[in-house]
Amino acid sequence: MAKPDQNQVLRQLPIVVGSIAGILLFTNRFLTSSLTDSQARSDALGVILSALLILTGLLWQRVQSRTPESVELVGEQGFELAPDLPDAVKTELAWMSHLLLTNTVTKSIVVWHRGKVLLRRGILSPNTEVKPGAILQRVLDKHQPIYLVALAIYPGRFEFDYLPENTQGVICQPIGAEGALILGANAPRSYTKQDENWVAAIAEKLDNTLSQHLEPAKG
């Protein structure tokens, strides 16, 4: 279930106050039998201020940033490592995934390398197999990350069936030339540029560890 926007009341407050003030001014004007010049000027000023409050509220509705709505991802909590990995790689994967889950909006992590899933952690999908679709294949071919800010709007979202079905945002970060770090978030547009830079740095460190401890792919 989506969480309500906690700032909604604050954004609507100028509209409410301006509307109430305007109604009171018009009511007072209607009930006043004899209108003086000074009261006319005060009423005009009050109407202008009320209109400015309403306009400010409308602008806030359009301009002020809103907290992205998060959802409860569908799946079970889990932590799975490929059993045949060296201890150093297992330690690196555990450290890396813990940092991402506790310091970013990431809720689901998959590490795929040389056609094999090395790690799954967080909220897990029942599907354990990663078959690179068009999006992931582009990441592997171009060696450039892709951030899908709102997964639901992308036609290629179905290739991420190894993530929870209601995943809201996805980062596909290349790990060297042979793998990818795939992160799922429970809210759209929730990763910052700083998060993206940090994910890239972690993937680079992970690539260094994998290249040191895993046998190179056979040609």
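Attention in this report is confined to the structure presented alongside it. Fair warning: this is a prediction, and the values are worked out from it, not measured in the lab.

### Side note on helix H4 (residues 134–142)
In step 1: Among the residues of H4, those classed as buried are Ile135, Leu136, Val139 and Leu140. End-on, the buried residues of H4 take up no more than an arc of 140°, which puts them together on one face. Opposite the packed face of H4, turned more than 90 degrees from it, sit the exposed residues Ala134, Arg138, Asp141 and Lys142.
In step 2: Where the residues of H4 are buried, they touch strand E2 (106–113), strand E4 (146–148), strand E5 (169–175) and strand E6 (179–185).
In step 3: Directly after H4, the chain includes histidine 143, whose backbone phi takes a positive value near 55°.

### Regarding the nonpolar core
In step 1: Counting residues in each nonpolar core, the largest one holds 23 residues, and the members touching the most others are Leu93, Met96, Leu100, Val111, Leu181 and Leu183.
In step 2: Of all elements in the fold, only helix H3 (87–103), E2, strand E3 (116–124), E5, E6 and helix H5 (193–213) reach the threshold of two or more residues within this core.
In step 3: By residue number, the principal contributor to this core is H5, which donates 5 residues.
In step 4: Leaving out residues up to four positions away in the same chain, valine 111 has contacts with Leu93, Met96, Lys116, Val117, Leu118, Leu119, Ile175, Ala180, Leu181 and Leu206.
In step 5: With 17 residues, the next largest nonpolar core counts Ile135, Leu136, Leu140 and Cys172 among its residues.

### Focus on the pattern of salt bridges
In step 1: Applying the stated criterion to the full structure yields 4 salt bridges.
In step 2: Where lysine 116 meets aspartate 84, a salt bridge forms, and the shortest distance between an N and an O atom there is 2.6 Å. Of this pair, lysine 116 sits in strand E3 while aspartate 84 sits in the loop between strand E1 (76–81) and H3, placing them 32 residues apart in sequence.
In step 3: Given a relative accessible area of 56%, aspartate 84 falls into the exposed group.

About the thresholds
Residues numbered from 1 in each chain as written. Predicted model: local features only at pLDDT ≥ 70, side-chain atom pairs only at ≥ 80, totals over all residues. Heavy atoms only, no water. Buried < 20%, exposed > 50% of the residue type's maximum accessible area, 1.4 Å probe, protein only. Helix = DSSP H or I, 4+ residues; strand = E, 2+ residues; numbered from the N terminus. Arc of directions from axis to C-beta. Contact = heavy atoms within 4.5 Å. Core = buried A, V, L, I, M, F, W, Y, C linked by side-chain atoms within 4.5 Å. Salt bridge = Lys/Arg side-chain N within 4 Å of Asp/Glu carboxyl O.

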